[in-house]
There are 2 protein chains.
Amino acid sequence: MAADPLPSWNEGAAKSAIVDFVTAVTAEGGADFVPTEARIATFDNDGTLWIEQPLYIQFAFALDRVKALAPQHPEWATTQPFKAVLDNDLSALLASGQEGLVEIMMASHAGNTTDEFAAIVTEWIGKARHPKFKRPYTELVYQPMLELIAFLRVNGFKTFIVSGGGIEFMRPWSQTIYGVPPEQVIGSSIKTKFDMRNGSPVLVRLPEIDFIDDKDGKPVAIQKFIGRRPIAAFGNSDGDLQMLQWTTAGSGRRLGVIVHHDDSEREYAYDRQSKIGQLNTALDDASAQKWVVVSMKSDWSRIFPEK
Amino acid sequence: MAADPLPSWNEGAAKSAIVDFVTAVTAEGGADFVPTEARIATFDNDGTLWIEQPLYIQFAFALDRVKALAPQHPEWATTQPFKAVLDNDLSALLASGQEGLVEIMMASHAGNTTDEFAAIVTEWIGKARHPKFKRPYTELVYQPMLELIAFLRVNGFKTFIVSGGGIEFMRPWSQTIYGVPPEQVIGSSIKTKFDMRNGSPVLVRLPEIDFIDDKDGKPVAIQKFIGRRPIAAFGNSDGDLQMLQWTTAGSGRRLGVIVHHDDSEREYAYDRQSKIGQLNTALDDASAQKWVVVSMKSDWSRIFPEK
């Protein structure tokens, strides 16, 4: 008997649905067979492949980056929303609203070249630790999802990340952590500008939003970057609703999966009321749409890779 | 002796430079070795992989499309720039300038869903014929470049198209003609919008420019879509200058190639003065930058595939 490709998945409806789907679309001559080149699978990242509580990891990066840059910006000591970050004053930070959030993201993500930014992310992610689990963020990826990505890849799938997170924030580590190369990472972006510095071409990151890869934006980005419709999509929040709709409305056999955070003991439990990773409409629609809802508590025997 | 992988390339400096480059970056243990995943090559399309004279093929599509749509737009019979198209009045069309051009592109490219547009392109490209060569456009691709793409691919390269042309205009045939799958096609785009029609999700093409993938835009798009710098780039015009600069300024061994249209007998001869595919600055810079300039006349034994 072959080894179980999904050892961290408990036997049950979710695991069966996933294995049955892969078996069906790879069975040559079968009614549901899909040729290799059309086996496109898209994965949300935050909350689907790695932890997103108590704060999106990229936002933790932004806050650390503001602190690191503060010596070059003495005015931040008295200017919101930066003062709130430097004071660790979460309520003042929240009071700065969407506008304040964008200011922090731009201050922490723009103004350098693409090469410089990749080096900054790489250095940060090697050192940062999760406040609760005290482990590097790159170890707070979901072991069952790592197995699933590998299982799909072995079965001829091309696996893409389609995240609301920053495209250049994910690329420096996506290959190492997920085995997903940079050209298969899709995310939100700021604008860049081609420039010459001392005779050498650079791409400068501008403090201007280019594209938000969330909700309606996900199918738009999938079409722009991939140019064909996935046959399987994996998400965990209402930010993935349209990606799930777009994927599973295609002809032939399709798979839509929602990772449900219902494990307060081993990770976090949140859904309809959460400010981060809110899962409400997609959860309501799952049954009618035949999307598979994965219970982290009962479907997964392990959450994170072993230390 | 192994068969020559580039049989339509005459022996000479251009062919040697290409073969030497591929040999060097694939020689394990060699000083110039590049691991497979970093072997990224980008190709311009119009004038580099297929014919672009006397008119960009996509513009021929746009003109045909305006004619096909004219019955639904009686007002076009008396409104410029549409009247000029319907009258085949090139000088009136040119008089409408950049603004007129954009109007024609939007009228011919927007207003349908992505699936509908792909079907329209597929139908058109199967029927359209080049005015001089009387062959389908998909046969007016350069045989030596087809061999080159295949040669790179066999040597572990991932080949991308990076074109000023429309991304969704190229995708319906890029796999068949070049062996380049849709997710490796990068081009100019209009915006799309996710919408629900009778309960089914669609992506609607809007009459609004999203991105122009030309000149400065090429390195920007390469970073956005691929997320790493190519080690080889192939172009034919000043629209490819920044892509060549960006590619060849990277560390390690690099290859920049310019296809020079100097064969008035078998194709067309044009460079510095041409309105289509103007090659001026990049030609001036080629020698100092060590870019390979390919003479279609003397480096290629054949231009197009045999009928």
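Scroll up a little and you will see the structure.
Residues numbered from 1 in each chain as written. Chains lettered and ligands numbered in written order. Predicted model: local features only at pLDDT ≥ 70, side-chain atom pairs only at ≥ 80, totals over all residues. Heavy atoms only, no water.

(A) Representation of the relation of the copies chain B and chain A in the model. When chain B is brought onto chain A, the operation consists of a screw motion whose angular component is 180° and whose axial shift is 0.0 Å, with 0.0 Å RMSD remaining. As the rotation angle and translation indicate, the two copies are arranged about a two-fold axis. Proximity to the rotation axis, assessed at the C-alpha, singles out Phe225 of chain B in chain B; its C-alpha lies 3.3 Å from the axis. (Least-squares fit on C-alpha atoms with pLDDT ≥ 70 in both.)

(B) Region of interest: the environment of Thr122 of chain B. Following the sequence through the fold, Thr122 of chain B ends up in helix α6 (residues 114-127). A C-alpha to C-alpha distance of 21 Å links Thr122 of chain B and Pro71 of chain B, two positions 51 residues apart in sequence. (Helix = DSSP H or I, 4+ residues; strand = E, 2+ residues; numbered from the N terminus.)

(C) Fine view of the pairing of strand β5 (residues 232-235) of chain A. Residue and element names in this part refer to chain A. Residues Ala232 and Phe234 line one face of β5 and the alternating positions Ala233 and Gly235 line the opposite face, and both faces are buried. As paired elements, strand β1 (residues 40-43) and β5 share 3 bridges and run parallel to each other. Across the sheet, Ala41 pairs through a bridge with Ala232, a residue of β5. Pairing geometry for β5 and strand β6 (residues 255-260), over 4 bridges, is parallel. Considered in β6, the bridge of Ala232 is made with Leu255. Handedness of the β-α-β unit built from β5, helix α10 (residues 241-248) and β6 comes out right-handed. (Buried < 20%, exposed > 50% of the residue type's maximum accessible area, 1.4 Å probe, protein only. Pairing = 2+ DSSP bridges. Right-handed = clockwise from strand over helix to strand, strands pointing away.)

(D) Representation of the side chain of Glu168 of chain A within the structure. Secondary-structure assignment places Glu168 of chain A in helix α8 (residues 167-178). Judged by relative accessible area, which is 13%, Glu168 of chain A ranks as buried. Engagement of the side chain of Glu168 of chain A in a polar contact is seen with the side chain of Arg171 of chain A, the distance being 3.2 Å. A distance of 2.8 Å separates the side chain of Glu168 of chain A from the side chain of Gln223 of chain B, its partner in a polar contact. (Polar contact = N/O pair within 3.5 Å; in protein donor to acceptor, adjacent residues only side chain to side chain.)

(E) Just the sheet that holds strand β6 (residues 255-260) of chain B, in detail. Spatially, 7 strands are ordered β4-β3-β2-β1-β5-β6-β7 (chain B) in an open sheet, and the strand pairing comes out mixed. Edge positions in the open sheet fall to β4 (200-211) and β7 (292-295) of chain B, since each of these has one partner strand only. Ignoring which end each strand starts from, the neighbouring axes of this sheet average 30° apart. Each of β3 (185-197) and β4 of chain B is contacted by helix α9 (residues 217-225) of chain A, which is oriented at about 150° to β3 of chain B, the strand it contacts most. (Axes fitted to C-alpha atoms, helices over the stretch in contact; angles between N-to-C directions. Contact = heavy atoms within 4.5 Å.)

(F) The layout of surface pockets, seen in detail. Residues and elements named next belong to chain A. Taken as a whole, the second largest pocket spans an internal volume of roughly 1500 Å³. In this structure, the second largest pocket is lined by 47 residues; those nearest its centre are Tyr56, Phe59, Gln98, Leu101 and Met105. Ranked by residue count, the leading element in the lining of the second largest pocket is helix α5 (residues 97-109), at 9 residues. Considered class by class, the residues forming the lining of the second largest pocket number 20 nonpolar, 16 polar and 11 charged. (1 Å grid on protein atoms, 1.4 Å probe; cavity = no way out; pocket = protein on both sides within 12 Å on 5 of 7 lines; lining within 4 Å. Points joined across faces, edges and corners; volume = space filled by probe spheres on them. Nonpolar A, V, L, I, M, F, W, Y, C, P; charged D, E, K, R; others polar.)

(G) Highlighting the pattern of salt bridges. Scanning all chains against the criterion turns up 36 salt bridges over all chains. Residues Asp284 of chain B and Arg272 of chain B are paired through a salt bridge, measuring 2.9 Å at the closest nitrogen-oxygen approach. With a gap of 12 residues between them, Asp284 of chain B in helix α11 (residues 281-289) and Arg272 of chain B in the loop between β6 and α11 connect regions that are remote in the sequence. Under the relative-accessibility criterion, Arg272 of chain B is labelled partly exposed at 30%. Counted as one network, the salt bridges with shared partners bring together Asp4, Glu11 and Lys15 of chain A. (Salt bridge = Lys/Arg side-chain N within 4 Å of Asp/Glu carboxyl O.)

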